Amino acid sequence: MSKVLSAQEVVAQIEDGMTIGIGGWGPRRKPMALIRELLRSDVKDLTVVAYGGADVGMLCAAGKVKKVVFAFVSLDFIPLEPFFRKARQTGSIETMEIDEGMMLLGLRAASWGVPYIPTQIGLGTDVIKVNPDLKVIDSPYDDKEWVAMPALKLDVSLVHVDRADKRGVCQIKGPDMYMDEWFARAADKTFVTTEEIVETDFFAQGDEARYVFWERSITTGVTLIPGGAHPTSCSPAYGFDVAHLKEYNGFAKEGGFEAYFDKYIGGKTEAEYQEAVGGLEAINALSIPVY
Amino acid sequence: MTTPAKDYTLAELMIVAGAEAFRHEGEVLATGIGMLPRIAASLAMKTFNTDLMMTDSEAFLLSEPNPVTGRTSHVGQKQETWMGFSRIFDNVWSRKRHAMVGPTQIDKFGQTNISALGGTYEQPKVMMLGVRGFPGNSISHPNSFFVPSHSTKTFVAGECDMVASIGYNPDRLPKGYVMDDVKMGLVITDLCVMDWKGANHSLRLLSLHPGITVEQVVENTGFEVEVPATVPTTPAPTEEQMAIIRLMDPKDGRAYQIKGNPAGDRS
């Protein structure tokens, strides 16, 4: 069995109006090569669920997004994502703004096939006011009210991993898998990009299998794109590209997203993108930020 | 050991005042968002509450807090437990945490906002971060607030533009809850220390930083602050505390956190 696909073949499976989940966290381990491929496509009206960074900002700026389900969208060292901000401030996107933990519960509910998970998160705040779809319910077991966090069912999830075999066994070797397991499980189809494709026997060595967080039946497609998380990080291989993200942020003030798109993405292959940002070797040399 | 320091900055005074928020919290995860709250939590962990837990801001709990400046790698840090972001939520929901956070807006109910300002919800004038983990944190564990510039812009007259954390607002109290279910710690500003233990959980002045008057606090707060008959002065850092602060911040990053890096005593 081989699940190996090209980035174009992955994006061909994403249709207008779909709900897509994007793994990673802020500027960390985002499947950016697939985001770039989406940006080159004519897909539109997406609902995006993410712990958002430049992935969400770019998709918003390119007019791909109908709705964002978010708790934050941030580049971390640049706290506010400039293009997401613009989209919000022009009222051009619909939103479901929820707590970070609520998003996790929504993904788990979808993964587990239950319609909602009760939680106290959101009570007493505007989260339950600005999201009319979010129901507050009585409990059959106590006298309190609870927020019924609905399942965040995803049509497609996009995740970037360190290693995979062609059957879809995926390894995340960095210190944190973030919520990627739940994005993978919550989706009908999960497509991963990987730094490396290995033989299945690789996972039989030492404790390598301990860094595999979902079974291969969850993985729909595997695309080999070393450096594919750039300009976000893929710890321990490389850190996020501070200079590039600063330049990206600068385009929000001058030039706009179109200028960024024209410089780095439009009409370019991923290899040409990597050439334009200094090459794969330079990406692999990006240091891991330390706080 | 407890000799008060002669020379200290406002940032150092605020760190020492902030550390107090963690003193009686027992064995909980101490989270300081931003450099000064993080040094404050570290100071508490290294002195009067050694049971505190702390992360490396990435994926591990540490038995010894990492310095906030001067590090180039996670190698050699005293990690003791894997603590990826998903486990942070497990910790939050276990209630064993105290976070010190820096809201953009705080209202008279102790509700806060980091999401968006002005305009309408559909089209805010200024989009900020989003509610992040504030709704879950605020209903799960105590939070303290750190305000580097005490003004009516932060302590707003009305309700927050977007209420991201639960406070002591009777109109929003969830069914089955009492006010005391909401836990709040200290409010540390560049002018004073306050808490939410005034009448009906209102904001109450606890101490004034050296050289600051009650009037300055009142003028710069958009709602009523309960002022006791006598207000003590915020204690100066001790030499022992100053030594630990320098250890936790060897490159003096704290000098750049408060505008102009003023002296701690402004009299």
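Residues numbered from 1 in each chain as written. Chains lettered and ligands numbered in written order. Predicted model: local features only at pLDDT ≥ 70, side-chain atom pairs only at ≥ 80, totals over all residues.

J.: With reference to specific residues and values, describe the domain arrangement of chain A.
T.: By convention, interface size is frequently given as the accessible area that disappears when the constituent parts associate. You can read the domains of chain A as domain 1 (7-97 + 153-199 + 209-276) and domain 2 (116-150). For domain 1 of chain A versus domain 2 of chain A, the separation of C-alpha centres amounts to 30 Å. (Domains from an automatic or database assignment.)

J.: Describe unusual backbone geometry, and please don't skip the residues or the numbers.
T.: Omega for the bond connecting H230(A) with P231(A) falls within 30 degrees of zero, at 10°, which places this linkage in the cis form. The residue P231(A) is located in the loop between strand 11 (219-224) and helix 8 (242-253) in this model. With an omega of 10°, the peptide bond between S235(A) and P236(A) qualifies as cis. With respect to the helices, strands and loops of the structure, P236(A) is situated in the loop between strand 11 and helix 8. One non-glycine residue, R95(B), adopts positive backbone phi at about 75°. One can find R95(B) in the loop between helix 3 (85-94) and strand 5 (97-101). The exposure class assigned to R95(B) is partly exposed, which follows from the 13 C-beta atoms found within 10 Å. (Helix = DSSP H or I, 4+ residues; strand = E, 2+ residues; numbered from the N terminus. Buried ≥ 20, exposed ≤ 12 C-beta atoms within 10 Å, placed from the backbone.)

J.: So what about helix 9 (residues 256-264) of chain A? Which residues, and what values?
T.: Residue and element names in this part refer to chain A. Among all positions in helix 9, only F257, Y260 and Y264 are buried. One face of helix 9 carries all of its buried residues, which in axial projection span an arc of 60°. Among the exposed residues of helix 9, those pointing more than 90 degrees away from its buried face are E258 and A259. (Arc of directions from axis to C-beta.)

J.: Now, about the packing of helix 3 (residues 54-61) of chain A against helix 4 (residues 82-89) of chain A: what can you tell me, with residues and values included?
T.: Pairs of packed helices are described in terms of their axes, by the angle between the two and the distance that separates them. All names here are of chain A. Axis separation between helix 3 and helix 4 bottoms out at 7 Å; the angle between their running directions is 50°. For the element pair helix 3 / helix 4, the angle class is oblique. Our pair here, helix 3 against helix 4, has a crossing hand that is left-handed. Of the residues in helix 4, those touching helix 3 at V56, G57, M58, C60 and A61 are P82, F83, F84 and A87. The residue inventory of the contact of helix 3 with helix 4, partitioned by class, reads eight nonpolar, one polar and no charged. (Axes fitted to C-alpha atoms, helices over the stretch in contact; angles between N-to-C directions. Parallel < 35°, antiparallel > 145°, perpendicular 65-115°, else oblique. Left-handed = near helix turned anticlockwise from the far one by under 90°. Contact = placed C-beta atoms within 7 Å. Nonpolar A, V, L, I, M, F, W, Y, C, P; charged D, E, K, R; others polar.)

J.: Please give an account of the sheet that holds strand 6 (residues 135-138) of chain A that cites residues and values.
T.: All names here are of chain A. Taking strand neighbours across the sheet as the criterion, the three strands line up as 5-7-6 in an open arrangement whose pairing is antiparallel. The sheet is open, and its two borders are formed by strand 5 (116-119) and strand 6, each paired with just one other strand. Here the strands of the sheet are splayed against their neighbours by 40° on average, with no regard to which way each runs. Looking at chain direction, strand 5 and strand 7 (residues 145-150) are connected through four bridges and run antiparallel. Across the sheet, P118 pairs through a bridge with A148, a residue of strand 7. (Pairing = 2+ DSSP bridges.)

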